[in-house]
Amino acid sequence: MKKGFGKLFAAGLAALMAVSLAACGGDDREKSGGDKAAAGDSFVYVPEYVSLGGDDNRSLSNAIYADGKLYYSCYIWDEESGTSRQPLIKYDIATGSQEELNLDEAAAEGAHVSRMSADKDGNLYVVWTRSVWDENNPDDWHQDTLLAKYDDSGSTVFFQDISQDMMSDEENTYVQRMVVDDEGRIYLVSNRLIRLYDGEGGYRGNVETNADWLNDAVRSKDGKVYITYYDWNGAEGGYVAAEVDFDGKKLGNTHEIKANADSLSEGLEKDFLVNDRTRLYEYDLENETQEEILNWVDCDIMGDYVQLVCPAGDGRLLAVVSDWETRDTEIVFLTKTKASDVVQKEELVLGCMYMSQNLRSTVVAFNKSSEKYRITIREYYDRNSDIDRESALTNMNNELTSGKGPDILALDYNIDVDLLVEKGVLADLNPFLDRSSTLSRDSFVESVLRAYTYGDILVSIPKSFSISAVAGKTSQVGEEMGWSIQDIMDFAAEHPDAELFQYASQGEMMQIMMTFNQDAFIDWEKGTCNFDSEEFRQILEFVASFPEEYDWDGEQESMPTRLATGKLLLYTDSVSQCRDIQVAEAMFNEPVTYIGFPTTDGSVGCVMNSEEGYGIIDKSGNKDGAWEFIEFYLNRDNEMFSWGLPSMKEKLEEDIAEASEVRYVTDENGEILKDEDGNPIISGMGGFGWDDWSYTYHPCTEEEIATLRELIDVARPMPTTNSEVLSIIAEEAEAFYKGQKSLDDVVSTIQSRASMYVGENS
């Protein structure tokens, strides 16, 4: 049987840091995948970092930039007094000094900064909010909204209560965005409504919109204000920007924006900047065009961490970056520089279908730490392009098999690793692991290394994994793991009045039946298939007994209630943390067996779903450098974007120990509390539930951990299923399901079409 590979499923100013060797996105850079711009006349943006150190800034928010000053608010908690405050900070770019502003503390007592903006003259505008409770009835409270304007020295220009204005529309009571135009007029943007105020704070009415949600608002380079939202009209829909007509109290013409328009700021040379968290674009309103300026990863910056990006006023870009992982905040100045003037490290290209947050975070951290190498990312599937996923996957496979691939490949998105191994595309990681100074074979769970070894070739070492398996009542399915296709058909026949799987339609059932079995009907080496076999005929007849579309009843009982009462027979469990092993038995309310997905030979179809794993391309000119990145990835402690059970033995055992530790509820003196029967009360570990069922986790028992270890030992990656073959089956089987064609006719057509496809692609 062809082995497959499933989906390999954040008060003092420090000294200016040295200029980074990073260089991101130039005018003539290639758009196909984030490769660094070549030297010559190309330009890149070189970052310089200034740290805003200190605990005060760890909760920095509301960052705005105007007239050479950066303003922001931060949350400060005083441990001794048990109180908090939210001061406003002004940082002068020219002098490098910062000061805490004292703005109407008496008038705004108890209020906190909700939104800030500034005009071209450096005046500061603040929306304050304050929660007010009735002393006699704590449940009776309301929120005051206050609007203020301050000049550059911090003196109050006006300060007024606009609570009544905000309460005029109960669905738009909170200010999501705040913008000031070149005339000093104020635009307060809520969910779907824009409130207008003149330069003296006078209320001038509303702009009603038909948008589901207003994403952002921006003052463009021409001083006008635009709002963005997702327009569902048209064949595909998309983001648009619309000018706000202050005097007419309406929206003007809309302009299409191809990127995710949820973070905008004034443009550098054109109208405004669009940050989609992976790349920064500059948008031209007149031509409705956007040009990529830079890729954040190439600047050693996580785009997710960028709170603000805008022109610095001297030709540079300024970004405020708050790292979710380290909780550090930096100002980053990005200077446009000739690529030929930037000192370069040895480049390694990492190919992927799509840049995940974890991938971006790991590459940024590696590039900052490595003195020798630098990773650039080649993303094959760009959601902002016109290329669909299937075409992107085809392009990637063609590049890999032609020898033009990257140095490292992220093995995700149902990449056919069998094919890559057969064609000699992937290098064996065993030699690298054997001579590693930081890792060894004993570092990892044995079954994880075994699962990702193809023949003798270790293609990847995922950092973490989860397990998916079908569970049923032991009293009904027996005690042994594993069942065959015949077993599941017999089981369904024995319980004709119960539902086999939750929400199971014909499409879902065919997917379940083929999860581990597609290649049982295909011999890729010989280029033949046997979809006219008796076993496949039985599968078609079985799937035909399910509804074409599931008739979902929103009023029905919850899944746990239906499992416990026998109305629902099977549950597909997903185990990504140790305590998840408790869930199936709790739902069924009796012992369960993890029988797994059905297989043609009755073996255990337990799926190992892995977090991103990386392979080295055998034709890479720098396999040692590629392995250095993989070592870094495996050793890195990155809890922000990681999930699942650790692949490293030591960390897995730590997780098991923590999940098994019994903790007791104590009083203020540390004494263990007891229940009415005198038993110590075990501390809850969180839980979840439905309207008619809830569950609280308990410390894992020895039996539960033993079951977890058994699942880990037998799990294997989900085989790669060929989408074209599945499409052929779905298209032709529909006529049989609907009674329009006989089983013989449909089987014959599937066999004919599949044989032609397999023969051409073997």
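Residues numbered from 1 in each chain as written. Predicted model: local features only at pLDDT ≥ 70, side-chain atom pairs only at ≥ 80, totals over all residues. Heavy atoms only, no water.

Draft legend 1. Region of the structure containing the overall build of the chain. What the chain contains, in helices and strands, is 17 helices and 42 strands. Against the 2.2 N^0.38 benchmark of 27 Å for 762 residues, the chain shows a C-alpha radius of gyration of 30 Å, consistent with a compact globule. Seen through its principal axes, the chain has C-alpha atoms that stretch 85 × 75 × 60 Å. Classification of the 762 residues of the chain by burial places 53% in the buried group. Side-chain charges in the chain split into 64 positive and 146 negative, and the spacing between the mean points of these groups amounts to 6 Å. (Helix = DSSP H or I, 4+ residues; strand = E, 2+ residues; numbered from the N terminus. Rg over C-alpha atoms; globule rule 2.2 N^0.38 Å. Buried < 20%, exposed > 50% of the residue type's maximum accessible area, 1.4 Å probe, protein only. Lys, Arg positive; Asp, Glu negative; His and termini not counted. Charge placed at Lys NZ, Arg CZ, Asp CG, Glu CD.)

Draft legend 2. Representation of the pattern of salt bridges in the model. Counted by the stated rule, this structure contains 30 salt bridges. The shortest N-O distance in the salt bridge between Asp-314 and Arg-316 comes to 3.0 Å. Judged by relative accessible area, Asp-314 falls into the partly exposed class, the value being 47%. Arg-753 is the partner of Glu-732 in a salt bridge, and the nearest nitrogen-oxygen pair spans 2.6 Å. Residue Glu-732 is found in helix H16 (residues 723-737), and its partner Arg-753 is found in helix H17 (residues 743-761); the two are separated by 21 residues along the sequence. The network of salt bridges with common partners includes Asp-181, Glu-183, Arg-185 and Asp-247. (Salt bridge = Lys/Arg side-chain N within 4 Å of Asp/Glu carboxyl O.)

Draft legend 3. The environment of Ile-375, seen in detail. Secondary-structure assignment places Ile-375 in strand S28 (residues 373-379). With sequence-adjacent residues up to four places away left out, Ile-375 is seen in contact with Leu-348, Leu-350, Val-363, Phe-366, Asn-367, Ile-408 and Phe-629. (Contact = heavy atoms within 4.5 Å.)

Draft legend 4. Expanded view of the nonpolar core. If you look at the biggest cluster of nonpolar residues, it comprises 57 residues, and the most contacted ones within it are Ile-467, Tyr-594 and Leu-645. If we ignore the near neighbours within four places in the chain, the residues touching Tyr-594 are Ala-469, Val-470, Ala-471, Met-481, Gly-482, Asp-573, Ile-581, Ala-584, Thr-707 and Leu-711. (Core = buried A, V, L, I, M, F, W, Y, C linked by side-chain atoms within 4.5 Å.)

Draft legend 5. Highlighting the packing of helix H9 (residues 506-514) against helix H10 (residues 534-544). At a minimum axis distance of 9 Å, the contact between H9 and H10 shows a crossing angle of 150°. Taken as axis vectors, H9 and H10 run roughly antiparallel relative to one another. The handedness of the crossing between H9 and H10 comes out as right-handed. Facing H9, whose interface residues are Gln-506, Met-509, Met-510, Met-513 and Met-514, H10 presents Phe-536, Ile-539, Leu-540, Phe-542, Val-543 and Ala-544. Partitioning the contact of H9 with H10 into residue classes produces ten nonpolar, one polar and no charged. (Axes fitted to C-alpha atoms, helices over the stretch in contact; angles between N-to-C directions. Parallel < 35°, antiparallel > 145°, perpendicular 65-115°, else oblique. Left-handed = near helix turned anticlockwise from the far one by under 90°. Nonpolar A, V, L, I, M, F, W, Y, C, P; charged D, E, K, R; others polar.)

Draft legend 6. Just the sheet that holds strand S13 (residues 186-189), in detail. Judged by pairing direction, the sheet is antiparallel, and its four strands sit side by side in the order S12-S13-S14-S15 without closing on themselves. With partners counted over all chains shown, the strands left at the sheet margins are strand S12 (177-180) and strand S15 (203-208), one partner each. Each strand of the sheet is rotated relative to its neighbour by a mean of 20°, with strand direction disregarded. Relative to S15, strand S14 (residues 193-197) runs antiparallel, the two sharing five bridges. Bridge pairing in S15 places Tyr-197 opposite Tyr-203. (Pairing = 2+ DSSP bridges.)

Draft legend 7. Looking closely at helix H8 (residues 485-494). Restricting attention to buried positions, one finds in H8 the residues Ile-485, Ile-488, Met-489, Phe-491 and Ala-492. The buried side chains of H8 occupy one side of the element, clustering within an arc of 160° when seen end-on. Along H8, exposed side chains directed more than 90 degrees from the buried face belong to Ala-493 and Glu-494. Summarising the contacts, the buried residues of H8 are in contact with helix H7 (474-477), H9 and H10. (Arc of directions from axis to C-beta.)

Draft legend 8. Quick peek at unusual backbone geometry. One non-glycine residue with positive phi stands out, namely Lys-249, at about 55°. Secondary-structure assignment places Lys-249 in the loop between strand S18 (238-245) and strand S19 (250-257). We note that Asn-589 has phi near 65°; this positive angle belongs to a residue other than glycine. Relative to the assigned elements, Asn-589 resides in the loop between helix H12 (583-588) and strand S36 (592-594).

Draft legend 9. Spotlight on the environment of Gln-176. Along the polypeptide, Gln-176 turns up in the loop between helix H1 (163-166) and S12. Separated by 39 residues in the primary sequence, Gln-176 and Asn-215 have C-alpha atoms spaced 8.8 Å apart. Apart from the residues within four sequence positions on either side, Gln-176 is in contact with Arg-115, Val-189, Ser-190, Asn-191 and Trp-213. A distance of 3.1 Å separates the side chain of Gln-176 from the side chain of Asn-191, its partner in a polar contact. (Polar contact = N/O pair within 3.5 Å; in protein donor to acceptor, adjacent residues only side chain to side chain.)

Draft legend 10. Expanded view of the environment of Pro-311. Among the structural elements, Pro-311 can be located in strand S24 (residues 306-311). Under the relative-accessibility criterion, Pro-311 is labelled buried at 17%. On a C-alpha basis, the gap between Pro-311 and Phe-597 in space is 55 Å, while along the polypeptide they are 286 residues apart. Setting aside residues up to four positions removed in sequence, Pro-311 forms contacts with Tyr-65, Glu-266, Gly-267, Leu-268, Leu-273, Arg-316 and Leu-317.

Draft legend 11. How the structure looks around the sheet that holds S19. Taken together, four strands build an open sheet; the order of strands is S16-S17-S18-S19 and the sheet is antiparallel. The open sheet is flanked by strand S16 (214-219) and S19, the only strands paired with a single partner. Here the average twist between neighbouring strands, direction ignored, is 30°. The pairing of strand S17 (residues 225-231) with S18 spans six bridges and is antiparallel. The residue of S18 that forms the bridge with Asp-231 is Gly-238.

Draft legend 12. Quick peek at a nonpolar patch on the surface. On the surface, Val-662, Tyr-664, Ile-672 and Ile-682 cluster together into a nonpolar patch covering about 330 Å² of accessible area. Here Tyr-664 lies in the loop between helix H14 (649-660) and strand S40 (687-690). (Patch = residues over 30% accessible without salt bridge, like charges linked within 9 Å, V, L, I, M, F, W, Y side chains within 5 Å. Areas by Shrake-Rupley, 256 points an atom, 1.4 Å probe, with all protein chains shown as cover.)

Draft legend 13. Geometry of the packing of aromatic side chains. Evaluation of the coordinates by the stated rule reveals 26 aromatic pairs. Ring geometry for Phe-366 and Phe-629: centres 5.4 Å apart, planes at 85°, overall edge-to-face. With Phe-366 in helix H2 (residues 357-369) and Phe-629 in helix H13 (residues 623-635), this pair connects stretches of sequence that are 263 residues apart. Both residues of the pair, Phe-366 and Phe-629, count as buried. Ring plane angle 75° and centroid distance 5.0 Å describe the contact between Phe-531 and Phe-536, whose orientation is recorded as edge-to-face. For Phe-531, a relative accessible area of 0% gives the class buried. Members of the aromatic cluster, joined through ring pairs, are Phe-366, Tyr-614, Phe-629, Phe-632 and Tyr-633. (Phe/Tyr/Trp six-rings, centres within 6.5 Å; stacked < 30°, edge-to-face > 60°.)

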